[in-house]
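Listed here are the chains, written in short residue letters.
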Amino acid sequence: MNTINVQTPIPGPRSRQALDKQLAQESTAVSYPKRLPISLAKGLGCYVQDLDGNVFIDFLAGAGSLPLGHSHPDLVAEVVEQAGTLCLGLDFPTPAKERFTDAHLGMLPEAIRGDYRIHFCGPTGADAVEAAVKLAKAGSGADEIISFRGGYHGCTNGALSLTGNRAMKKNVPGKMPGVHFFPFGSTSTSQASSVLNGAQVDAALLLESALEDVNSGLGNVAAVILELVQGEGGVYVADKDFVQRIYQLTRKFGITLIIDEIQTGCGRTGTWYAFEQYGIEPDIFVTSKGTSGIGLPSSLMFYRKSLVSWPSGSHIGTFRGNQLAFVAGAKAIEVFHRDAVLNNVRLRSEQIGKRLGELQRDFAMLGEVRGLGLMLGVEILNPVTGKVCEATASKIQQRALRLGLITELGGRDDTVLRVLPPLNVSEQTVTEALGVLEHVLTELINDNEGAGQ
Ligand SMILES: Cc1ncc(COP(=O)(O)O)c(C=O)c1O
């Protein structure tokens, strides 16, 4: 499994059967297979095979949770050995947990390494967000939270309340109160036209004025929660000046700064944590997707030792002690060092950015190329109007799948084609994947379908 091989229409007959059964049995909220109609049989590295034997490049990679690709053999060996020893450890100390904790704390920037505690959260990223918000409130006695437009923090009640996507929230009464949304200060030149109706805003200044204005409507603000690259929101990269000013504002007003590194963490942006590139030291940061390296669930909150100390049992959950995730995650960090994976992130990021830039010049369907490290995306446009176009984006995703490339869409109305490969992806696989994209764009032009009709 090291090259694309699609032999059937998509979905193939066996996938079709599995999808139909899923449709009948599972919740109507199933999401990925609605857009990517395949049934997965196995995965290895950057490639997956469906039930019909078709092989695809997987640039969705478990929604960014497979930094070393599917079933990395070194990690699998650890998991198999650990499975026969101990699988679940609640929050007891175990050798696997100690190894994992040492490895993860060891990845913090040296200057701040001793300053943080690690809190093991329930299995999913949203749980770490919930924990962070609770801790920030407990520490301050304040209860309001500042979040940013376009932000995504998960689907549990609190995390969803902090999320920008209005469609996801509209049928959920009783959300967490006291959340205020401010514009996100992004490096994007198209954000103003595609999101802010042409307004050029100084996002940090807006927040500063609201914090200073006695008539701004804000109550007691406990925390600011911020992604440094908005992934689900459309791959908007935070502007460094914006982030540093937000950081200073939180210092000035005594507000806890929570950085959500659930997607950006564990090497995705080219440094272990994205905040390392912004010259800030968050009070709390959370990470999850990449922590085990192999897609086994684990979710972590790091917080400054100087923050309030939580009484025992303040934030618990049964599945905080996944020993399989721990041994895989500790091994993953060894592999990161051994194989210079962060360097590969930078090299492949340059390769993809350069090629997407060339394609953008050749195809009017491609708009702004954005991202950091291997968290990249390209806006899909209607070439006639020059505006972002959901229908064209969907066609590109569908056709790419049929030619053997799995990609996800994100951003407002799903108009950003996301490039989210495993972090150890090879130059050759990147070339193969972008070859598919070029082929799809050419097909759409030839079929006169680029304008999204
Ligand atoms: C930035 C960010 N925060 C939180 C979450 C929620 O994580 P989970 O889906 O594991 O609950 C996600 C998931 O995509 C995310 O990207």
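Counting starts from 1 at the beginning of each chain's written sequence and moves along it residue by residue. Where totals are concerned, whole chains, interfaces and linings use all residues; where local detail is concerned, this predicted model gives features only for residues with pLDDT of at least 70, and gives and counts side-chain atom pairs only at 80 or more. The side-chain numbers reported here are obtained from all heavy atoms of the structure, hydrogens and water having been left aside.

Draft legend 1. How the structure looks around the environment of M301. Each helix is a run of H or I in the DSSP string that is no shorter than four residues. Each strand is a run of E no shorter than two, and both are numbered from the N terminus. As for its placement among the helices and strands, M301 is situated in strand β12 (residues 299-304). Spatially, the C-alpha atoms of M301 and E130 are 9.9 Å apart, while their sequence positions differ by 171 residues. With sequence-adjacent residues up to four places away left out, M301 is seen in contact with R117, I118, H119, C121, A131, A132, L135, I284, F285, V286 and W310. We call two residues in contact whenever any of their non-hydrogen atoms come within 4.5 Å of each other.

Draft legend 2. Quick look at the sheet that holds strand β2 (residues 47-50). Strand pairing follows a simple DSSP-based rule, namely that at least 2 bridges must link the two strands. Strand order in the open sheet formed by four strands is β1-β2-β3-β15, with mixed pairing between adjacent strands. The outermost strands of the open sheet, each flanked by one partner alone, are β1 (40-44) and β15 (405-406). Pairing between β1 and β2: four bridges, direction antiparallel. Opposite K42, over in β2, you have Q49 as the bridge partner. Under this scheme, a helix contributes an axis fitted over its contacting stretch, all axes are lines through C-alpha atoms, and angles between N-to-C directions fall in the 0 to 180 degree range. Along the sheet, helix α15 (residues 427-446) makes contact with β2, β3 (55-58) and β15, crossing β3 at roughly 105°.

Draft legend 3. Structural detail: the packing of helix α4 (residues 73-83) against helix α12 (residues 323-338). Where α4 meets α12, the closest approach of the two axes is 8 Å, and the angle between their N-to-C directions is 155°. Classified by the angle their axes make, α4 and α12 are roughly antiparallel. Judged by the twist between their axes, the crossing of α4 over α12 is right-handed. When α4 is examined against α12, the residues D74, L75, E78, V79, Q82 and A83 are found in contact with a partner set consisting of Q323, L324, V327, A328, K331, A332, V335 and R338. For the contact of α4 with α12, a count of residues per class yields eight nonpolar, two polar and four charged. An angle counts as roughly parallel when it lies under 35 degrees, as roughly antiparallel when it exceeds 145, as roughly perpendicular when it falls between 65 and 115, and as oblique in every other case. Here a crossing is taken to be left-handed if its near helix is turned anticlockwise relative to the far helix by less than a right angle, and right-handed if that turn runs clockwise. Amino acids are sorted into nonpolar (Ala, Val, Leu, Ile, Met, Phe, Trp, Tyr, Cys and Pro), charged (Asp, Glu, Lys and Arg) and polar (every other residue, Gly among them).

Draft legend 4. Highlighting α12. Multiply 1.5 Å by the residue count of a helix minus one, and that product is the helix's expected span. Helix length check: α12 (16 residues) gives 23 Å between terminal C-alpha atoms against 22 Å at 1.5 Å per residue, within 8%. Taking burial as the measure, the 16 residues of α12 include 13 buried ones, the bulk of the element. Polar contacts, as used here, are pairs of N or O atoms within 3.5 Å; protein pairs need one atom able to donate a hydrogen and one able to accept it. Residues neighboring in sequence count only if both atoms are side-chain atoms. Sitting at the head of α12, N322 places a side-chain oxygen 3.0 Å from the backbone nitrogen of L324. Just past α12, the residue A340 takes up positive phi, approximately 45°. Burial status follows relative accessibility: with a 1.4 Å probe on protein chains alone, a residue under 20% of its type maximum counts as buried, one over 50% as exposed, and anything between as partly exposed.

Draft legend 5. Quick look at the site of the ligand. A molecule or strand has a residue near it when one of that residue's heavy atoms lies within 4 Å. Around the ligand, the neighbouring residues are T124, G125, A126, Y152, H153, G154, E227, E232, D260, I262, Q263 and K289. The separation between an oxygen atom of the ligand and a polar side-chain atom of T124 is 2.7 Å. At a separation of 2.9 Å, an oxygen atom of the ligand approaches a polar backbone atom of A126. Looking at the shell around the ligand, its residues break down into three nonpolar, five polar and four charged.

Draft legend 6. Main features of the nonpolar core. The term nonpolar core refers to a set of buried residues drawn from Ala, Val, Leu, Ile, Met, Phe, Trp, Tyr and Cys, joined through side-chain atoms within 4.5 Å. If you look at the biggest cluster of nonpolar residues, it comprises 100 residues, and the most contacted ones within it are F148, L228 and F242. Residue contacts for F148: discarding those within four places in its chain leaves F181, F182, P183, F184, L207, V224, I225, L226, Q230, F242 and I246. Among the nonpolar cores identified, the runner-up in size contains 26 residues, and A131, A159, I262 and Y303 belong to it.

Draft legend 7. Structural detail: the side chain of R370. In this structure, R370 sits in strand β13 (residues 366-372). A distance of 3.1 Å separates the side chain of R370 from the backbone oxygen of V235, its partner in a polar contact. Those residues in contact with R370, other than ones at most four positions away along the chain, are S188, S190, G234, V235, Y236, M375, L376, G377, E379 and V416.

Draft legend 8. Fine view of a nonpolar patch on the surface. A residue counts toward a patch only above 30% relative accessible area and without a salt bridge, and it is joined to like-charged neighbours within 9 Å or, for Val, Leu, Ile, Met, Phe, Trp and Tyr, to nonpolar neighbours within 5 Å. Here the Shrake-Rupley method, with its probe set to 1.4 Å, supplies the accessible areas, and only the displayed protein chains count as covering residues. The salt bridge definition used is simple: a Lys or Arg side-chain nitrogen within 4 Å of an Asp or Glu carboxyl oxygen. Residues L88, L90, F92 and F319 make up a contiguous nonpolar surface patch of roughly 410 Å² in combined accessible area. Checked against the element boundaries, L90 lands in the loop between α4 and α5 (95-105). On the basis of relative accessibility, which here comes to 37%, the residue L90 falls in the partly exposed class.

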